[in-house]
Amino acid sequence: MSTTVRSYCKINLGLAIGPSRADGYHALTTLYQTVAAHDLVTVSAAPVAGRKRTLTLTSNDARVPSTATGDAERNTAYKIVEKTLQVTEIAADVTIHIEKRLPVQGGLGAGSANAAAALVALERELSARPEWAAAGLSGPEKLLLASEVGSDVPLFLIGGSVLGVGRGEEVYPLPDLPAMPCVLALPEVGVSTPQAFRDWDALYTLPAGPAPGMAFYKKLTHLQASDKLSQLSRALASAMCEPHSSGVLPVGEDLAENPVLALVRTGIENDFEEVVFRQHPSLGPIKRILADSSSPEQSALYAALSGSGSALFGLYRTEAAAKAAEQRLTEHGIRSLRTETLPRGQYWSSMVVEQSTPPGHKF
Ligand SMILES: C[C@](O)(CO)[C@H](O)COP(=O)(O)OP(=O)(O)OC[C@H]1O[C@@H](n2ccc(N)nc2=O)[C@H](O)[C@@H]1O
Ligand SMILES: Nc1ncnc2c1ncn2[C@@H]1O[C@H](COP(=O)(O)OP(=O)(O)OP(=O)(O)O)[C@@H](O)[C@H]1O
């Protein structure tokens, strides 16, 4: 048997970084949105005699930790499959293949999505065998395993528009924003997420003891940092509620698009831009290319860095505007991907590509 699923990626519509926590993570608030661009993850599982299980991981991309590169244990998909087999006490030979189409270290959560996709595919493999069918994990158990693999993994077990708080792993499904044309700009540079958080701390944390040149440091107190999180939460809540509130829509604005317009009007920002655009000066101009057009109707409704980057995205009102943005990026020699945001229903209904059974197999 083998099951292939689409491993969709995400963008962040606003990301506020809060105080660093005792466990080394940072509190954050973000609105995740799943996007149709994807990798493909194939899992096959076969029973083994005895209790010894084997796990093999292959990929078409040498940058993905795999059995061939000798560090498969670092791979998010490997980790979640291993944890699931341990918890369910299932002895199986499992192979995972990741066909990478999305960038590595792109801020699109592609590696995190691979873990959620591997879990979905593994579940389907297990449920197809009578001897394993009863061993399934509950929804909360799956979210817990996902959060142990990475802060960005649980969102992919929800899909659509998702509120992320805590260190990003505490996720709540939000009413879906309408599907919109989206262009991803994929610069050649990779950005390390831990390094981007360290750069944030370096910018906003005063060094211990008296130091000359203190004026160069900005201090974000614990209180101010917490307030940044609350500000974004308030902006998200009011924007999501706007179509139902007593607010009067400005003339000419489409009600269906209104939550996105309302979000943009609240001034959502990605805090990572402040540090990542300094470290990688080529990225700021790409945001302007995504955002601006000579004709106002072709400008992006919103453009920003995704997560810690290096990918950036633009959201557009029409396919024509998205195509024009793609064209502008091509003219500047920047790789891009034209796609669309993916509401929760479509995320789940289009996830499974195929499930095959070996000849002669009986359910
Ligand atoms: C930047 C985002 O992509 C936004 O969506 C995520 O916060 C990153 O999520 P992720 O890649 O799943 O991150 P994890 O694998 O959990 O953490 C990688 C490293 O990033 C840092 N990290 C991550 C999340 C967080 N809220 N605070 C942090 O400081 C920590 O140094 C951690 O060791
Ligand atoms: N399944 C995977 N695919 C790609 N990289 C992986 C995977 N599992 C672990 N990694 C490691 O994780 C690192 C980050 O890769 P990933 O593609 O998840 O970054 P990202 O898109 O920036 O994610 P995020 O938005 O969560 O920060 C890679 O450099 C790689 O060594």
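Residues numbered from 1 in each chain as written. Chains lettered and ligands numbered in written order. Predicted model: local features only at pLDDT ≥ 70, side-chain atom pairs only at ≥ 80, totals over all residues. Heavy atoms only, no water.

Undergrad: Residue-level account of the site of ligand 1, with values.
TA: Surrounding ligand 1, one finds 18 residues, the nearest of these being Lys10, His26, Ser151, Asp152 and Arg167. In this structure, Ser151 approaches ligand 1 through a side-chain N or O atom, which is 2.6 Å from an oxygen atom. In isolation ligand 1 exposes 640 Å². Once the protein is present, 81% of that is buried. The site holding ligand 1 turns out to be the largest pocket. For the shell around ligand 1, the class distribution of residues is seven nonpolar, eight polar and three charged. Counting residues domain by domain, the shell around ligand 1 receives three or more from each of domain 1 (2–175 + 345–353) and domain 2 (181–344). (Near = heavy atom within 4 Å. Polar contact = N/O pair within 3.5 Å; in protein donor to acceptor, adjacent residues only side chain to side chain. Areas by Shrake-Rupley, 256 points an atom, 1.4 Å probe, with all protein chains shown as cover. 1 Å grid on protein atoms, 1.4 Å probe; cavity = no way out; pocket = protein on both sides within 12 Å on 5 of 7 lines; lining within 4 Å. Sits in = over half its atoms within 2 Å of the grid points. Nonpolar A, V, L, I, M, F, W, Y, C, P; charged D, E, K, R; others polar. Domains from an automatic or database assignment.)

Undergrad: Go over the packing of aromatic side chains with me, naming the residues and quoting the values.
TA: Under the criterion given, the structure shown has five aromatic pairs. Both rings, one in Tyr8 and one in Tyr347, keep their centres 5.5 Å apart while their planes meet at 45°; by these two values the pair is tilted. With Tyr8 in strand β1 (residues 2–20) and Tyr347 in helix α10 (residues 344–349), this pair connects stretches of sequence that are 339 residues apart. Each member of the pair Tyr8 and Tyr347 is classed as buried. On the numbers, 5.1 Å between centres and 85° between planes, the contact of Tyr347 with Trp348 is edge-to-face. Owing to a relative accessible area of 2%, Tyr347 belongs among the buried residues under this scheme. Owing to a relative accessible area of 33%, Trp348 belongs among the partly exposed residues under this scheme. Clustering of aromatic rings is evident, with ring pairs tying together Tyr8, Tyr347 and Trp348. Between Arg167 and the ring centre of Tyr25, over which it is positioned, the NZ or CZ distance is 4.8 Å. (Phe/Tyr/Trp six-rings, centres within 6.5 Å; stacked < 30°, edge-to-face > 60°. Helix = DSSP H or I, 4+ residues; strand = E, 2+ residues; numbered from the N terminus. Buried < 20%, exposed > 50% of the residue type's maximum accessible area, 1.4 Å probe, protein only. Lys NZ or Arg CZ within 6 Å of the ring centre and 35° of its normal.)

Undergrad: Describe the site of ligand 2, listing the residues and the values that go with them.
TA: Around ligand 2, 20 residues are found, and the nearest of them are Arg74, Gly107, Gly109, Asp152 and Thr193. Interatomic distance of 3.0 Å between a side-chain N/O atom of Asn75 and a nitrogen atom of ligand 2. Contact distances for ligand 2 include 3.5 Å between an oxygen atom and a backbone N or O atom of Leu108. The fraction of the free accessible surface of ligand 2 (610 Å²) that becomes covered by protein chains is 85%. More than half of the atoms belonging to ligand 2 lie within 2 Å of the grid points that define the largest pocket. In terms of residue count, the dominant contributor to the shell around ligand 2 is helix α2 (residues 110–127) (four residues).

Undergrad: Which residues make up helix α4 (residues 193–204), and what values do they have?
TA: Here α4 spans 17 Å end to end across twelve residues, near enough to the 16 Å set by a 1.5 Å rise per residue. Residues Ala196, Phe197, Asp199, Trp200, Leu203 and Tyr204 constitute the buried set of α4. In an axial view of α4, the angular spread of the buried residues amounts to 155°, which keeps them on one side of the axis. (Expected span 1.5 Å × (residues − 1). Arc of directions from axis to C-beta.)

Undergrad: Provide a residue-level description of the pattern of salt bridges, including the pertinent values.
TA: Any two side chains of opposite charge can pair, so long as their charged atoms come close to each other. A complete count under the given rule lists twelve salt bridges for this structure. One salt bridge in this structure joins Glu273 and Lys287, with 2.8 Å as the shortest N-O distance. Residue Glu273 is located in helix α7 (residues 272–279), and its partner Lys287 is located in helix α8 (residues 283–291); the two are separated by 14 residues in the primary sequence. For Glu273, a relative accessible area of 13% puts it in the buried group. Between Glu319 and Arg338 there is a salt bridge, with the nearest N and O atoms lying 2.9 Å from each other. Of this pair, Glu319 sits in helix α9 (residues 319–331) while Arg338 sits in strand β10 (residues 336–340), placing them 19 residues apart in sequence. When its relative accessible area of 37% is taken as the criterion, Glu319 is described as partly exposed. Taken together, the salt bridges that share partners define one network made up of Glu319, Glu326 and Arg338. (Salt bridge = Lys/Arg side-chain N within 4 Å of Asp/Glu carboxyl O.)

Undergrad: Mind laying out the sheet that holds strand β9 (residues 312–315), listing which residues take part and the relevant values?
TA: Pairing between the strands of a sheet comes from backbone hydrogen bonds, and it takes one of two forms, parallel or antiparallel. Here we have four strands laid out as an open sheet, ordered β8-β9-β7-β10, and antiparallel in their pairing. Looking at the sheet topology across the chains shown, the edges are occupied by β8 (302–305) and β10. With strand direction ignored, the average angle separating the axes of adjacent strands in the sheet is 20°. Pairing of β8 with β9, which is carried by four bridges, proceeds in the antiparallel orientation. Opposite Ala303, over in β9, you have Gly314 as the bridge partner. Most of the contacts of α7 go to β8, to which it runs at about 65°, and overall it touches β8 and β9. (Pairing = 2+ DSSP bridges. Axes fitted to C-alpha atoms, helices over the stretch in contact; angles between N-to-C directions. Contact = heavy atoms within 4.5 Å.)

Undergrad: Go over empty space enclosed by the protein with me, naming the residues and quoting the values.
TA: Within this structure, the stated rule accounts for one cavity of 30 Å³ or more. Leu13, Gln33, Leu177, Pro178, Met180, Val260, Leu315 and Thr341 are the residues that line the largest cavity. Across the lining of the largest cavity, the residue classes tally to six nonpolar, two polar and no charged. (Points joined across faces, edges and corners; volume = space filled by probe spheres on them.)

Undergrad: Break down the pairing of strand β2 (residues 26–47) for me, with residues and values.
TA: For β2, the buried fraction is high: 19 of the 22 residues fall into the buried class. In this structure, β1 lies alongside β2, joined through 14 bridges in antiparallel fashion. Note that in β2 the partner of Ile17 across the bridge is Leu28. Hairpin connection from β1 to β2: five residues lie between these consecutive antiparallel strands, with Gly24 at a positive phi of about 95°. Judged from the four bridges that link them, β2 and strand β5 (residues 161–165) form a sheet pairing that is antiparallel. Within β5, the position partnered with Gln33 by the bridge is Ser161. By the bridge criterion, eight bridges tie β2 to strand β4 (residues 92–99) in an arrangement that is antiparallel. Across the sheet, residue Val43 finds its bridge partner in β4, namely Ile96.

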